[in-house]
Amino acid sequence: AGIPLIIAGAGAPKGVCKTQASLVDIHQTALQTTGLGLSDADQALPGCSLLDLAAAPDDPTRAVFSEYHDGGAITGYMMLREGRWKYVHYAGFAPQLFDLQADPFERADLGLSGGHADIRAHLLARMSAEFGDPETISAQAFADQATRIEELGGLDGIYARANFDHTPVEG
């Protein structure tokens, strides 16, 4: 959640943009750069064109989101990056918070810091408002995974499949 992005080509502005970008921005960018334009349904989707982001003034309030709900994990987690802050919510566990301006290598976890409770509360509220309650989303993801595992014959059925090549590996 901090990978530099370089865009070039017709219509790409020159210079450095510090506004957060996300993979959800690729869809809008592809439609804009190919000249296909955005339908009403496309405009309702999250994200915006990377060209528009790069041409606008830096927006430190734009947040990017990611989530992870692997079947082999003990919990799901969701991450919200807003400006200098990176907040990671682990369902059922303590959160993490990093000040990427003061600590770009994420060595000082402020997830339990009393002095940062207001920032954590703000980021959790924004995450919940924009994407949904992290605890509910995690529970639903693992319930959906359990249903799918049963549909495939349980773990034994999955391990027995000829094309099984995913974690967790047998044994």
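Please refer to the structure higher up on the page.
Residues numbered from 1 in each chain as written. Predicted model: local features only at pLDDT ≥ 70, side-chain atom pairs only at ≥ 80, totals over all residues. Heavy atoms only, no water.

Novice: It is not clear to me how the overall build of the protein should be interpreted in this structure. Could you clarify?
Specialist: The helix and strand tally for the protein stands at six helices and four strands. By the compact-globule yardstick of 16 Å for 171 residues, the protein is too spread out, its C-alpha radius of gyration being 20 Å. Across its three principal axes, the protein shows a C-alpha extent of roughly 55 × 50 × 30 Å. A buried classification covers 29% of the 171 residues belonging to the protein. In the protein, the proportion of contacts linking residues at least 24 apart, taken out of those at least 6 apart, comes to 42%. Element-wise, carbon and sulfur atoms account for 58% of the exposed surface of the protein, whose accessible area totals about 10,900 Å². Averaging the positions of the 11 positive and the 23 negative side-chain charges in the protein gives two centres separated by 9 Å. (Helix = DSSP H or I, 4+ residues; strand = E, 2+ residues; numbered from the N terminus. Rg over C-alpha atoms; globule rule 2.2 N^0.38 Å. Buried < 20%, exposed > 50% of the residue type's maximum accessible area, 1.4 Å probe, protein only. Contact = heavy atoms within 4.5 Å. Areas by Shrake-Rupley, 256 points an atom, 1.4 Å probe, with all protein chains shown as cover. Lys, Arg positive; Asp, Glu negative; His and termini not counted. Charge placed at Lys NZ, Arg CZ, Asp CG, Glu CD.)

Novice: Got a minute to help me understand the pairing of strand E3 (residues 85-90) in this structure?
Specialist: Put simply, side chains in a regular strand alternate between the two faces of the sheet. Most of E3 is tucked away, with five of its six residues classed as buried. Judged from the six bridges that link them, strand E2 (residues 77-82) and E3 form a sheet pairing that is antiparallel. Note that in E3 the partner of Met 79 across the bridge is Val 88. The loop that links E2 with its antiparallel partner E3 comprises two residues; one of these, Gly 83, has a positive phi angle of about 55 degrees. Of the pairings in the sheet, the one linking E3 to strand E4 (residues 96-99) comprises four bridges and is antiparallel in character. Bridge pairing in E4 places Val 88 opposite Gln 96. (Pairing = 2+ DSSP bridges.)

Novice: So what exactly am I meant to see when it comes to the pairing of E2 here?
Specialist: Counting buried positions along E2 yields five of six residues, so the element is predominantly enclosed. Where strand E1 (residues 63-68) lies against E2, six bridges are found, and the strand directions are antiparallel. Across the sheet, Ala 63 pairs through a bridge with Glu 82, a residue of E2.

Novice: Just checking my understanding: could you explain the nonpolar core for this structure?
Specialist: Burial of nonpolar side chains together is a common tendency in soluble globular proteins. Formed by Ala 63, Phe 65, Met 78, Leu 80, Trp 85, Tyr 87, Leu 97, Leu 110, Ile 119, Leu 123 and Met 127, the largest nonpolar core amounts to 11 residues. Elements represented by at least two residues in this core include exactly E1, E2, E3 and helix H4 (117-131). Counting residues per element, this core draws most heavily on H4, which supplies three residues. Those residues in contact with Met 127 that sit more than four places away from it in its chain are Phe 65, Met 78, Met 79, Leu 80, Tyr 87, His 89, Gly 132 and Pro 134. (Core = buried A, V, L, I, M, F, W, Y, C linked by side-chain atoms within 4.5 Å.)

Novice: Help me understand unusual backbone geometry in this model?
Specialist: It is generally the case that most residues other than glycine have a negative phi and that most peptide bonds are trans. Phi angles above zero are rare outside glycine, and Glu 106 is one such case at about 55 degrees. Tracing the chain through its elements places Glu 106 in the loop between E4 and H4.

Novice: What is the right way to look at the sheet that holds E4 in this model?
Specialist: Pairing between the strands of a sheet comes from backbone hydrogen bonds, and it takes one of two forms, parallel or antiparallel. Read from one edge of the open sheet, four strands run E1-E2-E3-E4, paired in antiparallel fashion. The sheet terminates laterally at E1 and E4, the two strands that pair on one side only. Across the sheet, the mean angle separating the axes of adjacent strands is 10 degrees when strand polarity is ignored. Together, E1, E2 and E3 form the strand contacts of helix H5 (residues 134-151), whose direction differs from that of E3 by roughly 50 degrees. (Axes fitted to C-alpha atoms, helices over the stretch in contact; angles between N-to-C directions.)

Novice: Is there a simple way to explain the pattern of salt bridges in this structure?
Specialist: A side chain with one charge can pair with a side chain of the opposite charge if their charged atoms come near. Within the structure shown, the criterion is met by six salt bridges. Note that Glu 106 and Lys 86 form a salt bridge whose closest N and O atoms lie 3.1 Å from each other. You can see Glu 106 sitting in the loop between E4 and H4 and its partner Lys 86 sitting in strand E3, a full 20 residues away along the chain. On the basis of relative accessibility, which here comes to 14%, the residue Lys 86 falls in the buried class. The shortest N-O distance in the salt bridge between Arg 126 and Glu 130 comes to 2.6 Å. Residue Arg 126 and its partner Glu 130 are located together in helix H4, separated by four residues, close to a single helical turn. The structure contains a network of salt bridges with shared partners spanning Glu 82, Arg 126 and Glu 130. (Salt bridge = Lys/Arg side-chain N within 4 Å of Asp/Glu carboxyl O.)

Just distances and angles here, no functional claims.
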